[in-house]
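# Structural description and commentary
Chain by chain, the residues run as shown.
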Amino acid sequence: VLLGLGLCLILYNQIWKQNRSLPDFNTNLFEYFPFILAVLLVPVNWFLESIKWKILMKPLISLHWYQSLQSILTGVFVGIFTPARIGEYGGRMLYLPENYRLPSLAATLYGSIIQNGFHVIFGFSLSYFFIKNLIPETPVTVTLFIFAISLFIIGFLMVLFLPKMMDLRQRYKA
């Protein structure tokens, strides 16, 4: 925290020395509404991440919501100091018993794949509204776009349900 405050002060000082105009915080508060909203939604995101972590860990170990939140916050803290936030995985594992740490890595990677899949699906789906202004809307382009989205959704659903299919295969093998 002190490091962050110190860096903010240094940055503020450098801007002041360059005689650039600093933001006037006495102006209309609605100009800063998106920033304020984003800051207020950060704890909501952490809480939702802790629920996701608790659900991902449920087949392995039963976590209390407080343990789950601690794991998430530790992962965020460790992830700040590592390249590409790779420390987030290790930080989440710190609050687990040692014999559950390696399986939790697989659960974390699975959760990341699912989350990224949803981002891509919604991004593809909503990109149609932006692309239709650039490319003329013909039956061929619409069909190709729907085909591409459908292929990705089918692949995503296969990845989503693959662990359940593998579990069923193991269960009925005997």
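Whatever comes next refers back to the structure up there.
Residues numbered from 1 in each chain as written. Predicted model: local features only at pLDDT ≥ 70, side-chain atom pairs only at ≥ 80, totals over all residues. Heavy atoms only, no water.

The next thing to look at is the overall build of the protein chain. When helices and strands are tallied, the protein chain shows six helices and zero strands. When the helices and strands of the protein chain are placed in sequence order, the string is α-α-α-α-α-α. Split into buried and exposed, the 174 residues of the protein chain put 18% on the buried side. Counted over contacts in the protein chain with a minimum sequence separation of 6, partners at least 24 positions apart contribute 44%. (Helix = DSSP H or I, 4+ residues; strand = E, 2+ residues; numbered from the N terminus. Buried < 20%, exposed > 50% of the residue type's maximum accessible area, 1.4 Å probe, protein only. Contact = heavy atoms within 4.5 Å.)

This next bit is on the nonpolar core. Counting residues in hydrophobic clusters, the biggest one holds eight residues: Trp-53, Leu-56, Met-57, Ile-61, Leu-63, Ile-72, Leu-96 and Ala-107. Considering each element in turn, this core owes the most residues, three residues, to helix H2 (residues 33-57). Excluding its chain neighbours within four sequence positions, the residues that come into contact with Ala-107 are Leu-56 and Met-57. (Core = buried A, V, L, I, M, F, W, Y, C linked by side-chain atoms within 4.5 Å.)

Attention now goes to H2. Residues that lie three or four places apart on an α-helix share one face, since the helix turns once every 3.6 residues. Between the first and last C-alpha of H2 there are 36 Å, a value that for 25 residues agrees with the 36 Å anticipated at 1.5 Å per step. Maximal helix bending in H2 amounts to about 30°, located at Leu-41; proline Pro-43 follows within four positions. All of the buried residues along H2 are Glu-49, Ser-50, Trp-53, Leu-56 and Met-57. Lining the buried residues of H2 we find helix H3 (65-80), helix H4 (87-93) and helix H5 (101-131). (Expected span 1.5 Å × (residues − 1). Bend = angle between axes of the 7 residues up to and from the residue.)

This part takes up the packing of H2 against H3. Running from N to C, H2 and H3 cross one another at 115°; their axes reach a closest spacing of 8 Å. Judged by the inter-axis angle, H2 sits roughly perpendicular to H3. The two elements H2 and H3 meet at a crossing, and its hand is right-handed. Contacts between H2 and H3 pair Trp-46, Glu-49, Ser-50, Ile-51, Trp-53 and Lys-54 from the former with Trp-65, Ser-68, Leu-69, Ser-71, Ile-72, Leu-73 and Val-76 from the latter. Class assignment of the residues belonging to the contact of H2 with H3 gives a composition of eight nonpolar, three polar and two charged. (Axes fitted to C-alpha atoms, helices over the stretch in contact; angles between N-to-C directions. Parallel < 35°, antiparallel > 145°, perpendicular 65-115°, else oblique. Left-handed = near helix turned anticlockwise from the far one by under 90°. Nonpolar A, V, L, I, M, F, W, Y, C, P; charged D, E, K, R; others polar.)

The end-to-end C-alpha distance of H3, which contains 16 residues, comes to 23 Å, matching closely the 22 Å that a straight helix rising 1.5 Å per residue would cover. Listed in full, the buried residues belonging to H3 are Ser-68, Leu-69, Ser-71, Ile-72, Thr-74, Gly-75 and Gly-79. At its buried positions, H3 is contacted by H2 and H4.

Attention now moves to the packing of H2 against H5. At a minimum axis separation of 10 Å, H2 and H5 run at an interaxial angle of 125°. Here H2 is positioned oblique relative to H5, judged by the angle of their axes. Remark: the crossing between H2 and H5 carries right-handed chirality. Across the interface between the two elements, Glu-49, Lys-52, Trp-53, Leu-56 and Met-57 from H2 touch Ser-104, Ala-107, Thr-108, Tyr-110, Gly-111 and Gln-115 from H5. Class assignment of the residues belonging to the contact of H2 with H5 gives a composition of five nonpolar, four polar and two charged.

Attention now moves to the packing of aromatic side chains. Here the structure, examined in full by the defined rule, presents four aromatic pairs. Pairing Phe-77 with Phe-81 gives two aromatic rings, centres 5.2 Å apart and planes at 70°, and the pair type is edge-to-face. In terms of burial, Phe-77 and Phe-81 fall into one category: exposed. Relative to Phe-122, the ring of Phe-118 has its centre 6.4 Å away and its plane inclined at 20°; by these criteria the two rings are stacked. Here Phe-118 and its partner Phe-122 are both found in helix H5, four residues apart, which amounts to about one turn of the helix. (Phe/Tyr/Trp six-rings, centres within 6.5 Å; stacked < 30°, edge-to-face > 60°.)

One non-glycine residue, Ala-84, adopts positive backbone phi at about 55°. With respect to the element layout, Ala-84 can be found in the loop between H3 and H4. Its identity is not glycine, yet Arg-85 carries a phi of approximately 55°, on the positive side. Relative to the helices and strands, Arg-85 resides in the loop between H3 and H4.

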